[in-house]
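# Structural overview for review
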Amino acid sequence: MATWSLATDSVGGNAITAAVGVAATTAAMDALGLHPIAGVGIAAVGALSSLVTGGMAPPERVAATLGRWAGVGGWMTWALAGDPWSALGIGALVGGSVLGASMGPWLRRRSAVPAGARAGGLVLGSTAKENAEWQQRIIDRGGQSFHGIVVEAVTKWENGGGVDVRVCLPKAGATVDQLRYLAPGLAADANLPHGCSIEVIEPEGEGQRTVILRVPTQVMTSLDEGHPLWEEQRSILDGVPIGAHPNGDTAEGPMREESWLVVGKKGAGKTTLLWGITATVGMCSDALVWHIDLNGGGMTQPWVDMWLDGRVQRCPIDWAAPNVDEAIRMVTAAVKIAKHRKIAYRKRKKEHNTNLLPVGADLPEIVIILDEGAEAMAAAGKGQVVELATKLEEIQRIARNEAVNLVLSVLRGTGDLVPAAMSTQTGVGICMKVRQQKEIAAVFESAWELKLKPEHLTAKGSGWISVDGALPVRYQGWNILPDDMEKAALRIAQVRPDLDEASASVAGDDYATRYERMRGLFTEDAEIVEDEPAPAAAASGTWTSGWGSFGNTASAPEPAGPALVAGDDGIEDAEIVEDTPIDDILVGALRVMADAGSDRATRSQLADRLTGGDEDLLRKRMTAAGACPVHSLKVDGRDARGWYRRDIEAALSVTAA
């Protein structure tokens, strides 16, 4: 009676229950001599309790509930003021009870009709209407498997930039992956602005049927929000914030155990992001910043100017390398430090009863930030570049526990710039504005399924971030200006820790004399290298120079025969080769992959370029050259069969020229 929950299928039974309940209550009130206005109070309390306990009911059900309680209150007041048991009074009670009970079947029939087919209706609350709209929107897009889905709440973000739509998926119905597939269509149905894409979030600690749709209604624009410029010291254990998600939550990633990969085209805001990371890590009481920028040291210069000018005694950046020679000194020292810490601090682990080396002001983590890492990581290589790349790969492979980590920034995450062995070991992946969707997929395997596209990133400094393999989510990076960096550099110079004595000792003279070299390197013209390297190989040397060279100082096999004609990018294109050594087909396959900016290629892609479209001939020549059989793989989100770059490199390593 308190909520008018008439749950039986019998209108008569519900009417009798209601009439008896109202009559009994009125008789009790009459016996107690209550004033007739008490009937109004009873109805008001009943209506309020029904609204509260009923939750976000549809508008028509709310209207029916209020109408029932209004009838009850009116009859009670009239009956207490006169004779409740007259024929007129009893008749009015019976008629009202039948009418109220009849609303139950009508409401059930109406709820079964799709919202779009209803002719109008009473709307009593915008919240209930919005819930119903999203529920119907999902059903319209998803079909039968989404029938029974419940939109529990639509919550506006505090920053006013969108809403969270909390849904409960139906039992034995659609899954979260199916809902995620609908996201682009739902964004179109909601007529969101261009650049606004819906993200499907699975909240931690809740059931698998509970999902939150993060729906931005405003486009994230430019780097308007400045870096917070921490005044209090932080800890590297707390993670590194880099900006804000569309709903205003802080975007951050862990750095104590994870290496980072930052990908984005020129002008996307990568260097600004690295400056922000420098400002944050620099204020950690248990971390030191080392910089590598082979493009002249531009990333480092704003941070060391204050030290070079004599305004601070300690350099905010513990070590910086603007050229290959200095970078090799740095990474060689880092490898020595990591190996030494494995032995020197085993007692420290035991004292703290942990397998992970505890860091602190007396034993800081070393964070090596590498800007435009293509100069160091691309298959450019000969000589020192190969040595540098090998050391960087070794740091990532062995130094996580010993608190030496990398932040690598590159133009593309494809295999021609970042070896697959490094990208797969990256714990935090960030993709900013790029030119092609496949470049996003090189960073996030789920990019094709999530339909992430470059045009979704409309603002400078925006991107997606994924932590430890989780689905990527949007963020907008903080901006940091020259004056901000000067303020941060002053604070960092005052509070940053020193490298522990054991690590400084094993790093040797290269570390002890670093500041002498840095003064010369950052006050004179630093070595400048090519700003954007060719996608696969150096323009000089043989047309395979540097391919597969990362992590292996041995040069790739050189093909016999004349060089091929160079394409627009200055790199020779692969072509059909007949009476030449069998490894030419392998070299050609590598070139096709490099042209595509991918670590794989299908049989048809290779056949079109290398054997005039003849896949049988391609298979025979690949087999003769020592290549493994084709794999099942995905290219551009579609199933196909072909080879990975690692398969070709493995065959080249054992094939005679």
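Up top you'll find the structure we're talking about.
Below or above, wherever it landed, is the structure these notes cover. (Residues numbered from 1 in each chain as written. Predicted model: local features only at pLDDT ≥ 70, side-chain atom pairs only at ≥ 80, totals over all residues. Heavy atoms only, no water.)

## Topic: the packing of aromatic side chains
A ring pair, where both rings are aromatic, is described by two values, the distance of the centres and the angle of the planes. Which entries qualify depends on this criterion: Stacked, edge-to-face and tilted are the three classes for Phe, Tyr and Trp ring pairs, Trp counted by its six-membered ring, which pair at centre distances within 6.5 Å; planes under 30 degrees apart are stacked, over 60 edge-to-face, the rest tilted. A run of H or I in DSSP counts as a helix once it spans at least four residues, and a run of E counts as a strand once it spans at least two, with each numbered from the N terminus. Exposed residues in this analysis have more than 50% of their type's maximum accessible area, buried residues have under 20%, and partly exposed residues fall in between, with area computed by a 1.4 Å probe over protein chains only.
Applying the stated criterion to the full structure yields five aromatic pairs. Seen in terms of ring centroids, Trp290 and Trp319 are 5.1 Å apart; in terms of plane orientation they differ by 70 degrees. Their pairing is edge-to-face. With Trp290 in strand β8 (residues 287-293) and Trp319 in strand β9 (residues 319-321), this pair connects stretches of sequence that are 29 residues apart. Residues Trp290 and Trp319 agree in their burial class; the two are buried. When the ring of Trp307 is compared with that of Tyr515, the centres are 5.3 Å apart and the planes differ by 55 degrees; the resulting orientation is tilted.

## Looking at the packing of helix α21 (residues 603-610) against helix α22 (residues 615-624)
In plain terms, the rule: For helices, the axis comes from a line fit to the C-alpha atoms of the stretch in contact; other axes are also lines fit to C-alpha atoms, and the angle between any two N-to-C directions lies between 0 and 180 degrees. The cut-offs work like this: below 35 degrees is roughly parallel, past 145 is roughly antiparallel, 65 to 115 is roughly perpendicular, and the gaps in between are oblique. We call two residues in contact when some of their heavy atoms are within 4.5 Å. Only Asp, Glu, Lys and Arg are considered charged, only Ala, Val, Leu, Ile, Met, Phe, Trp, Tyr, Cys and Pro nonpolar, and every remaining residue, Gly among them, polar.
It is at 9 Å that the axes of α21 and α22 come closest, and there the two elements cross at 95 degrees. Between α21 and α22, the angle falls in the class roughly perpendicular. Counted together, Arg603, Ser604, Leu606, Ala607 and Leu610 of α21 and Glu615, Leu618 and Arg621 of α22 form the full contact between these two elements. Across the contact of α21 with α22, the residue classes break down as four nonpolar, one polar and three charged.

## Some remarks on the pairing of strand β17 (residues 638-644)
What counts is decided by this rule: The pairing criterion is simple: DSSP has to find at least two bridges between the two strands.
Strand direction decides the pairing type here: strand β15 (residues 600-602) and β17, joined by three bridges, are antiparallel. By the bridge assignment, Thr602 is partnered in β17 with Gly642. In the sheet, strand β16 (residues 631-635) pairs with β17 via five bridges, with the strands oriented antiparallel. In the sheet register, Lys634 faces β17, and the bridge partner there is Asp639. Where β16 folds back onto β17 in an antiparallel hairpin, the turn is made up of two residues, including Asp636, whose phi is positive at roughly 55 degrees.

## Quick notes on a nonpolar patch on the surface
Definition in use: Patch membership requires over 30% relative accessible area and the absence of a salt bridge. Like charges are linked within 9 Å, and nonpolar side chains (Val, Leu, Ile, Met, Phe, Trp, Tyr) within 5 Å. Reported accessibility uses the Shrake-Rupley method at a 1.4 Å probe radius. Residues are deemed covered only where the shown protein chains occlude them. The term salt bridge refers to a side-chain nitrogen of Lys or Arg lying within 4 Å of a carboxyl oxygen of Asp or Glu.
Taken together, the side chains of Trp85, Ile90, Val94 and Val98 present a nonpolar region at the surface, about 340 Å² in accessible area. Its relative accessible area of 41% is what places Ile90 among the partly exposed residues.

## Concerning the sheet that holds strand β14 (residues 473-477)
Strand order across the open sheet formed by 10 strands is β6-β5-β14-β13-β12-β7-β11-β10-β8-β9, with mixed pairing between neighbours. The open sheet has two free edges, formed respectively by β6 (250-253) and β9, since each of these has just one partner strand. Neighbour-to-neighbour, the strand axes of this sheet turn through a mean angle of 30 degrees, independent of strand direction. In this structure, strand β5 (residues 240-244) lies alongside β6, joined through four bridges in antiparallel fashion. Residue pairing across strands places Val240 opposite Gly253, the latter belonging to β6. Helix α9 (residues 324-344) rests against β8, β9, β10 (365-371) and β11 (404-410) of the sheet, and its axis sits at about 135 degrees to β9.

## Remarks on the nonpolar core
Rules: By convention a nonpolar core is built from buried Ala, Val, Leu, Ile, Met, Phe, Trp, Tyr and Cys residues, the set being connected through side-chain atoms within 4.5 Å.
Residues Ile277, Ile292, Trp303, Ile368 and Ile430 are the most contacted members of the largest nonpolar core, which totals 99 residues. With 10 residues, α9 is the single largest residue contributor to this core. What Ile277 contacts, discounting residues up to four positions off in sequence, is Val240, Ile242, Met255, Trp260, Gly282, Ile369 and Val407. Listed in part, the 25 residues of the second largest apolar core include Trp134, Ile138, Ala183 and Cys196.

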